[in-house]
Every structure is written in C-alpha cells, then in structure tokens.
Amino acid sequence: MVVLQDNQLKVIECNVRVSRSFPFVSKTLDHDFIAMATQVIIGETMEPVNVLNGCGRVGVKVNVQYILREGLLTTHLH
C-alpha cells in the first residue's frame, strides 16, 4: 500500500498474504486473478496475461487509520 504525501509516493504496507489486495487488483485491472490463482493451485496450466499496460483505470486503496494518525485528513464535515 502506498500513500502520496508532499508529492512523494511512500510505501506504508506490504501485505504478502494479499487477502484484501487480490480482489482490489483484480477489479482495478479487470482480470480475475483469484480464479487464475485457484486454477494454478489445482495444477492447471495458465496462459500469461498482459496487465502491465493496465486497462485505463487507476485504483487507489487508502489506509484510513494511517491518514488519520498522520493528520493528513480531518473527519469533521464543514
């Protein structure tokens, strides 16, 4: 997970379990990586997919606790 602060991208979390990241990336890139991983786990051979060029979308996953802790966002409505 990354955050943009002072025009710099900063890595704030690397979740190797990817339990929440897999669905997020699948939806953002419009490819079902969960189904693909399941097929590989059961021994099926998969063709490579080209997702490096994206699909015209940008996904942003935000860690709300970090943003609030660092004072980057207020929870008060004005």
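Residues numbered from 1 in each chain as written. Predicted model: local features only at pLDDT ≥ 70, side-chain atom pairs only at ≥ 80, totals over all residues. Heavy atoms only, no water.

## Quick notes on the confidence of the model for the chain
Item 1. When pLDDT is averaged across the chain, the result is 75; 74% of the residues are at 70 or more.
Item 2. Model confidence for the chain, summarised as mean pLDDT per element, is weakest for strand β2 (residues 8-11) at 68 and strongest for helix α2 (residues 33-41) at 84. (pLDDT = per-residue confidence, 0-100. Helix = DSSP H or I, 4+ residues; strand = E, 2+ residues; numbered from the N terminus.)

## So, a nonpolar patch on the surface
Item 1. A cluster of nonpolar side chains, V58, V60, V62, V64 and L68, forms an exposed patch at the surface whose accessible area comes to about 470 Å².
Item 2. With respect to the secondary-structure elements, L68 resides in helix α3 (residues 64-69).
Item 3. The partly exposed category is assigned to L68, whose relative accessible area is 37%. (Patch = residues over 30% accessible without salt bridge, like charges linked within 9 Å, V, L, I, M, F, W, Y side chains within 5 Å. Areas by Shrake-Rupley, 256 points an atom, 1.4 Å probe, with all protein chains shown as cover. Salt bridge = Lys/Arg side-chain N within 4 Å of Asp/Glu carboxyl O. Buried < 20%, exposed > 50% of the residue type's maximum accessible area, 1.4 Å probe, protein only.)

## Section: the environment of V49
Item 1. Within the element layout of this structure, V49 appears in the loop between α2 and α3.
Item 2. Setting aside residues no more than four positions away along its own chain, V49 makes contact with H31, F33 and M36. (Contact = heavy atoms within 4.5 Å.)

## Considerations on the side chain of S26
Item 1. Considering the arrangement of structural elements, one finds S26 in helix α1 (residues 21-29).
Item 2. Those residues in contact with S26, other than ones at most four positions away along the chain, are H31, D32, F33 and I34.

## Structural notes on the environment of F22
Item 1. With respect to the helices and strands, F22 occurs in helix α1.
Item 2. Using a relative accessible area of 31% as the deciding quantity, one classes F22 as partly exposed.
Item 3. When residues no more than four places from it in sequence are discounted, the contact partners of F22 are F33, I34 and A37.

## Considerations on α2
Item 1. Two or three places before I34, at the opening of α2, D32 has a side-chain oxygen 3.3 Å from that residue's backbone nitrogen.
Item 2. The first or second residue beyond α2 is G43, which carries a positive phi of 95 degrees. (Polar contact = N/O pair within 3.5 Å; in protein donor to acceptor, adjacent residues only side chain to side chain.)

## What about α1?
The periodicity of an α-helix, 3.6 residues per turn, causes residues three or four places apart in sequence to face the same way.
Item 1. For α1, every residue scored as buried is listed here: S21, S26 and T28. In a view along the axis of α1, the buried residues occupy a sector of 170 degrees, so they form one face of it.
Item 2. Contacts from the buried residues of α1 go to α2.
Item 3. Residue D30 follows α1 closely and has a positive phi angle near 60 degrees. (Arc of directions from axis to C-beta.)

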